[in-house]
Amino acid sequence: MEIIVFYLFAAIAVIAALGVVGLRNPVYAALCLAVVFVSFAGLYVLLSAPFIAVAQVMIYAGAILILFVFVIMLLSPPVDQGEGALKWQKPLALGFVGALAVQLVLVLALAVLPSARGSLTPEVIAQRGDVQVVGAALFSDYLLPFEMTSLLLLVAIVGVIVLAKKR
Amino acid sequence: MNLDLNLQVIAPALIVALSLLLVLLGEVFLPASQRRWLGYLALIGLLGAAVVAAMLWGANLSGFGKMVVADAFGLFLTLIILLGAALSVLLAFDFVRAHQLDTGEFFALVLSAVVGMIGMVTATDLIVIFLALELLSLPLYVLAAFKRADKRSLEAGLKYFLLGAFASAFFLYGIAFVFGGTGTTNLGRIAAVLGASPRSDVALVGMGLLGVGFAFKVALVPFHWWTPDVYEGAPTVVTAFMSVAVKAAAFGAFFRVFLVALPELAADWRALLAVIAVLTMTLGNVAALLQSNVKRMLAYSSIAHAGYILIALVAMGVNGAGSALFYLLAYTLTNLGAFGAVIALSDGTRERLELNDFAGVAKAQPLVAAALTILLLSLAGFPPFAGFTGKFFIFGAAVESGWAWLAVIGVLNSLISAYFYLRPVVQMYMVEPAGGWNRLRVAPFVAFVLAIAVIGVLALGIVPAPVIALASGGFLK
Amino acid sequence: MPEDYLPILAMVVVVIGFAAAALVVSAITGPRKPNPAKLSPYESGMPPFGSARRRISIRYYLTAVLFILFDIEIVFFYPWAVLFRQLGLFGLIEMAIFVAILLVGYVYVWRKGGFDWD
């Protein structure tokens, strides 16, 4: 059952991701991206990480995608009609990406991932509660990264005002 | 919960972060006429952090579950970064006023970049390194585009942002692979896992992707394409800051990750990085030969210098890391000084950017011309300046570790570089001045930066021994 | 653990199925007698003028980015709230620092007029 659901979400994610890069109309591409985000949330649930799944839907599908659509409307780019300026780059990029993809697939297919499981197995998470596990790690071991995040958000706030605020 | 809340370890970054918050609050609560004090506030924060960093020297503290350390390597780089930032702030005092940039935001963004940089060089966990990398990059994207009325500045910001975000994604992907291959993000534990288990291809892919991220940040060929456009388009003082401090921070993390976490894979990455070093030096120097714009020339020169420093990473060991630290210090002083001279020679907001703008400058501004000459000679690696001793240590480390051919290519490249570094000198001294430039008094802060740079370059060049001893003591344990 | 989320999956399937079915069924069974009034975008409404691909103001962008940034902040609150009693005073201080830093950003945006439409 789990494996069927995994392949379902994975297939939707891959097809939608192809849509993001392949569709010529930027609005359609953005909507495909929403599908990618949501199917990722499904995968996170399968990984026993429902908190991340909820955050994924809230932030990525909810907020970031809205921003993308805003930016598309802001720029109102014409629907991409053809090759444009980047003519010879396209086959080159496809070649590089293909090589990288083959390499990654080969490595991951042949790899023996460390079989040792950490202390946070699905059973432990189920028992303690997903949010509790995330929170306990975030507010103790990962305290420093947590506080750095707020500084990062602050810099982003300043940056957006500097760049986008009319004066 | 076993926390080691060792706030001492992050004290320098904390001080800078605190002054960042104060500068931001000052920007919104002080009347516009008082905002120039924010620059002094930033400067005080940087100096305070430097004092604290110096006090931590030798204690070898670590904190937050070994996520950060204050070892000699990290502290040496912290001091380099703070020096670079403080000199940039001094250069910026009059620059932001002349170019009518937002004062508070400018200094706040510089300070936040500094927090990220200090984080990068003192972090021993890939998660912290990544966050620090972002904390370093975000403000620089904004700073590159800071002159919003200038199309080139906006282009620089956009280009830097798009390519930088792409590189960050590679870096993050690399972290994921390393984590997948080893089950940890702590640098020390990664090394332990890799040492105890058979060769992990997953970690190897992770190493490659991390390398791409670092290569972008320090501008190694073939990830250097953004450099000339961004350096040219960004406001000069931002270019000066970027060209030195980002290199120190990114190379710091580059060295730490590869030497501490991935020594087991050294056979793989050494050969790869040696090839990249050759390409980077050669392309940087040859392309610099063809430039007529001084900022672009210095951009390609910074690419070439990244290639020299990469040789030190290939050399590995105490000598490699020590010579890299020395070189980064020398490069910071020299390059900031060179950009300081460009700022000193500008006429209000009009800057001398083309080579022939420098014609006859020696007559109008003999002192600035002399300083620029010394700094350019140091960049080219002439004795008795810091650039020479720095290259000497790096090439020496390469020879000792059996990479003599790399040192030979480095020397040949230095010879090529002498040509383009001397071109502005020839213009300044041997060509009649062109009209149309007002002779302006050099701002005292800029003059001070030039003096520090020249004195530092001479001191490091003539008596390098104490500093190289400190730098080599900074080797990662 | 993931099994707990089966009802949500089932609901997603039902929603998609219902929406698709509604479209398909009405396409198959509905009569088709188009006339110009029916084909206009808003039947018995205002006729649209201009292109729909009109550039919107950059102010929306500012609002959207600020929303995202504070939205991300909120996500961190959730596990903190769940663990509030367990974390005790230490957790409160941690979150206070986190919020204080962002509060500086909030004050900054406020004083700079980032929340004003003009």
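The model shown is predicted, which means the values in this text are computed figures rather than measured ones.

Participant: Teacher, can you tell me more about the overall build of chain B here?
Facilitator: Counting its regular elements, chain B contains 19 helices and two strands. In terms of overall size, chain B behaves like a compact globule, its C-alpha atoms giving a radius of gyration of 21 Å where 477 residues would be expected to give roughly 23 Å. Summarising its shape, the C-alpha atoms of chain B cover approximately 70 × 55 × 40 Å along the three principal directions. Looking at chain B as a whole, 63% of its 477 residues are labelled buried. Looking at chain B alone, contacts between residues at least 24 apart form 79% of all its contacts between residues at least 6 apart.

Participant: Which parts of the structure should I look at to understand the packing of helix 9 (residues 226-233) of chain B against helix 12 (residues 294-315) of chain B?
Facilitator: Helix-helix packing is characterised by the crossing angle of the two axes and by the distance between the axes. All names here are of chain B. Following both chains from N to C, one finds helix 9 and helix 12 inclined at 140 degrees, their axes separated by 8 Å at the closest point. Relative to helix 12, the element helix 9 lies oblique. For the element pair helix 9 and helix 12, the recorded crossing hand is right-handed. For the pair helix 9 and helix 12, contact is made by Thr227, Pro228, Tyr231 and Glu232 and by Lys295, Arg296, Leu298, Ala299, Tyr300, Ser302 and Ile303, respectively. Looking at the contact of helix 9 with helix 12, its residues break down into six nonpolar, two polar and three charged.

Participant: Before we go on, may I ask you to explain the interface of chain B and chain A in this structure?
Facilitator: One frequent convention defines the size of an interface as the accessible area lost when the parts assemble. Residue-level contacts link 29 residues of chain B with 23 residues of chain A. Those elements that place two or more of their residues in the side of chain B that touches chain A are helix 1 (11-29), helix 4 (103-122), helix 5 (126-144) and helix 8 (201-218) of chain B. It is helix 5 of chain B that provides the largest number of residues to the side of chain B that touches chain A, a total of eight residues. Class assignment of the residues belonging to the side of chain B that touches chain A gives a composition of 20 nonpolar, five polar and four charged.

Participant: In this structure, what is going on with helix 8 of chain B? I would like to understand it.
Facilitator: At 3.6 residues per turn, the α-helix brings residues three or four places apart onto the same side. Residue and element names in this part refer to chain B. In this model helix 8 runs 26 Å from its N-terminal to its C-terminal C-alpha over 18 residues, within 8% of the 26 Å that 1.5 Å per residue would give. Of all the 18 residues making up helix 8, 16 are buried; the element is thus mostly covered by neighbouring parts of the structure. Two residues or fewer after helix 8 comes Ala219, characterised by a positive phi angle close to 65 degrees.

Participant: Is there a simple way to explain the packing of helix 2 (residues 37-56) of chain B against helix 4 of chain B in this structure?
Facilitator: Residue and element names in this part refer to chain B. Here helix 2 crosses helix 4 at 15 degrees, and the two axes come no closer than 9 Å. Of the possible angle classes, the one that applies to helix 2 and helix 4 is roughly parallel. Handedness of the helix 2/helix 4 crossing: right-handed. For the pair helix 2 and helix 4, the contacting residues are Leu38, Gly39, Ala42, Gly45 and Leu46 in the first and Thr103, Gly104, Phe107, Val110, Leu111 and Val114 in the second. Each residue belonging to the contact of helix 2 with helix 4 can be placed in one class, and the counts come to seven nonpolar, four polar and no charged.

Participant: I tried to follow the environment of Gly381 of chain B on my own but got confused; where do I start?
Facilitator: All names here are of chain B. With respect to the element layout, Gly381 can be found in the loop between helix 15 (366-380) and helix 16 (386-400). A sequence separation of 150 residues divides Gly381 from Tyr231, and the C-alpha atoms of the two residues are 22 Å apart. Among residues more than four places away in sequence, those in contact with Gly381 are Gly387, Phe388, Lys391 and Ser414.

Criteria and thresholds
- Residues numbered from 1 in each chain as written.
- Chains lettered and ligands numbered in written order.
- Predicted model: local features only at pLDDT ≥ 70, side-chain atom pairs only at ≥ 80, totals over all residues.
- Helix = DSSP H or I, 4+ residues; strand = E, 2+ residues; numbered from the N terminus.
- Rg over C-alpha atoms; globule rule 2.2 N^0.38 Å.
- Buried ≥ 20, exposed ≤ 12 C-beta atoms within 10 Å, placed from the backbone.
- Contact = placed C-beta atoms within 7 Å.
- Axes fitted to C-alpha atoms, helices over the stretch in contact; angles between N-to-C directions.
- Parallel < 35°, antiparallel > 145°, perpendicular 65-115°, else oblique.
- Left-handed = near helix turned anticlockwise from the far one by under 90°.
- Nonpolar A, V, L, I, M, F, W, Y, C, P; charged D, E, K, R; others polar.
- Expected span 1.5 Å × (residues − 1).

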